[in-house]
Amino acid sequence: MAMIEVDNVRKLFDEILAVDGVSFKVHEGEVFGFLGPNGAGKTTTINILCTLMQPTSGRAVLNGYDVVKSPHDVRSSIGIVFQDPSLDERLSAKENLNFHALVYNIPKEKREERIKKVLDLIDLTPRQNDIVRTFSGGMKRRLEIGRGLLHFPKVLFLDEPTLGLDPQTRHHIWDYLNELREKERITIFLTTHYMDEAENCDRVAIIDQGKIIALDTPDELKKSIGGDTIKLKTKDNIKVAKEIESRFKLQVIIDDGTIFIKTDDGESMLPRLISDQSIPVVSVSVHRPTLEDVFLHLTGRKIREEQGSAIKSMRSHVRALRRR
């Protein structure tokens, strides 16, 4: 089942085409990554999905609701976790959740039950009455994610969910998110600049100049740019390079004392090379393409920190909607 369907969406600002015929689907329970450089159309597309602006043409549906015809139903179907910290650190974890429940008009008879469930989900029940300023960065992030889940959204939008956290805490956050997805069958729509973080996505869409230029699993995207590179150093590189070309029919380049071998699957080729007694190996390593390599290959530039993230730019719009 498709939780999000975007069909040929275009968005014009005066004569500037910000989004140019974008189409994609996000399946229920999927972790979907959305990557793109500044000005690529990423922010505009997400704003359309969250009903903060209307498309010039095309159609977008979230949880079965048309984003133009049924904006209130769409808003009740989504949760948003901003990049920048937005907790009140003078309040306890429970008080932060209670305030959010009031903002979302969660009925009083359901409020306590939902807060209890969310605290259990994010493993903060023992610290529910502690002041947030005493929490670690990872605990605060879990609380923000829990707050975004309080009204039980079908889709959770995450903007840079582990920005500024140390690698170990980032790993724990992703363990939690994957567990949450399995328990609650929630769909996660992710923006990130960490290429290794995008590896957690089931599929990744790369958008540039208003168009989606690639959409596939991380593994398939990496395979699309040419496979692995084996780096080999031997006692006689010229002789070995000729032998490898002749016997294995592989593309071989010698540069700076190293043999570079292009192959579709370095993992299976490597044992064949080093087990061959006629190839005197001094050192060997395998380099697999990364999503950073894919992004660079497709756009000609590295993804970088943007001044104003995709969802950060939505915050003023969200505040306005809550005041209605």
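Above this text you will find the structure in question.
Residues numbered from 1 in each chain as written. Predicted model: local features only at pLDDT ≥ 70, side-chain atom pairs only at ≥ 80, totals over all residues. Heavy atoms only, no water.

**Re the sheet that holds strand E6 (residues 78-81)**
- Ordered by their spatial adjacency, six strands build an open sheet running E6-E7-E8-E3-E9-E10, and the pairing between neighbours is mixed. Strands at the two margins of the open sheet, each flanked by one partner only, are E6 and strand E10 (211-216). Averaged over all neighbouring strand pairs, the angle between strand axes comes to 20°, with direction disregarded.
- Bridge count between E6 and strand E7 (residues 155-159): four bridges; the pairing is parallel. When the sheet's bridge partners are listed, Gly 79 is paired in E7 with Leu 156. (Pairing = 2+ DSSP bridges. Helix = DSSP H or I, 4+ residues; strand = E, 2+ residues; numbered from the N terminus. Axes fitted to C-alpha atoms, helices over the stretch in contact; angles between N-to-C directions.)

**Topic: the packing of aromatic side chains**
- According to the stated counting rule, one finds six aromatic pairs in the structure shown.
- Look at Phe 24 and Phe 34: their rings are 5.8 Å apart centre to centre, the planes differ by 40°, and that puts the pair in the tilted class. In this pair, Phe 24 sits in strand E2 (residues 16-27) while Phe 34 sits in strand E3 (residues 31-35), placing the two residues 10 residues apart along the sequence.
- Judged by its relative accessible area of 5%, Phe 24 is buried.
- Note on Phe 34: relative accessible area 0%, which makes it buried.
- Ring centres of Phe 24 and Phe 189 lie 6.4 Å apart, and the angle between their planes is 50°; this geometry places the pair in the tilted category. Of this pair, Phe 24 sits in strand E2 while Phe 189 is found in strand E8 (residues 187-191), placing the two residues 165 residues apart along the sequence.
- In textbook terms, an aromatic cluster arises when at least three aromatic residues are bridged by ring pairs, as seen for Phe 24, Phe 32, Phe 34, Phe 157 and Phe 189.
- Here the guanidinium or amino end of Arg 114 rests over the ring plane of Phe 152, the centre of that ring lying 4.8 Å away. (Phe/Tyr/Trp six-rings, centres within 6.5 Å; stacked < 30°, edge-to-face > 60°. Buried < 20%, exposed > 50% of the residue type's maximum accessible area, 1.4 Å probe, protein only. Lys NZ or Arg CZ within 6 Å of the ring centre and 35° of its normal.)

**Considering helix H4 (residues 108-121)**
- Relative to the 20 Å expected for 14 residues at 1.5 Å per residue, H4 spans 20 Å between its end C-alpha atoms, a close match to the ideal helical length.
- Every buried residue of H4 is listed here: Arg 111, Arg 114, Ile 115, Val 118, Leu 119 and Leu 121. Down the axis of H4, the buried set is contained in an arc of 150°. They therefore lie on one face. Of the exposed residues in H4, the ones pointing more than 90 degrees away from its buried face are Glu 109, Glu 113 and Lys 116.
- Summarising the contacts, the buried residues of H4 are in contact with helix H3 (93-103), helix H5 (137-148) and helix H6 (167-184).
- Positive backbone phi, at 60°, marks Asp 123, one or two positions downstream of H4. (Expected span 1.5 Å × (residues − 1). Arc of directions from axis to C-beta. Contact = heavy atoms within 4.5 Å.)

**Describing the nonpolar core**
- With 42 residues, the main nonpolar core has Leu 143, Ile 145, Leu 158 and Leu 177 as its most contacted residues.
- It is H6 that contributes the most residues to this core, five residues altogether.
- Setting aside anything within four residues of it in sequence, one finds Ile 145 in contact with Val 81, Leu 156, Leu 158, Ile 173, Tyr 176, Leu 177 and Leu 180.
- The next biggest cluster of nonpolar side chains, apart from the first, holds 28 residues, and it includes Phe 24, Ala 60, Phe 157 and Ile 207. (Core = buried A, V, L, I, M, F, W, Y, C linked by side-chain atoms within 4.5 Å.)

**As for the sheet that holds strand E11 (residues 228-234)**
- Spatial strand order, E12-E13-E11-E14: four strands in an open sheet with antiparallel pairing. Looking at the sheet topology across the chains shown, the edges are occupied by strand E12 (251-255) and strand E14 (281-287). Between one strand axis and the next, the sheet turns through 20° on average, direction left out of account.
- Bridge analysis of E11 against E14 gives six bridges, and the strand direction is antiparallel. Note on E14: the bridge partner recorded for Thr 229 is His 287.

**Describing the packing of H5 against H6**
- For the pair H5 and H6, the least separation of the axes is 10 Å and the interaxial angle reads 25°. On the basis of the axis angle, H5 is roughly parallel to H6. Classified by chirality, the crossing of H6 by H5 is right-handed. Contact with H5, carried on its side by Gly 138, Arg 141, Arg 142 and Ile 145, involves Thr 169, Ile 173, Tyr 176, Leu 177 and Leu 180 of H6 and no other residues of that element.
- When its residues are assigned to classes, the contact of H5 with H6 shows five nonpolar, two polar and two charged. (Parallel < 35°, antiparallel > 145°, perpendicular 65-115°, else oblique. Left-handed = near helix turned anticlockwise from the far one by under 90°. Nonpolar A, V, L, I, M, F, W, Y, C, P; charged D, E, K, R; others polar.)

**Concerning the pairing of E8**
- Of all five residues in E8, five are buried, a share of seventy percent or more.
- What you see with E8 is no split at all: Thr 187, Phe 189 and Thr 191 on one side and Ile 188 and Leu 190 on the other are buried throughout.
- Taken together, the three bridges between E3 and E8 define a ladder with parallel strand orientation. Counted as the bridge partner of Gly 33 is Leu 190 from E8.

**Things to note about the pattern of salt bridges**
- All chains considered together, the criterion is met by 18 salt bridges.
- Salt-bridge contacts for Arg 59 lead to Asp 66; the nearest nitrogen and oxygen are separated by 3.1 Å.
- On the accessibility criterion, Arg 59 (49% relative accessible area) is partly exposed.
- Residue Glu 220 is joined to Lys 223 by a salt bridge in which the shortest nitrogen-to-oxygen separation is 3.6 Å. With Glu 220 and Lys 223 both in helix H8 (residues 218-223) and three residues apart, the pair spans about one turn of that helix.
- Using a relative accessible area of 56% as the deciding quantity, one classes Lys 223 as exposed.
- Members of the salt-bridge network, linked through shared partners, are Asp 228, Asp 265, Glu 267 and Arg 288. (Salt bridge = Lys/Arg side-chain N within 4 Å of Asp/Glu carboxyl O.)

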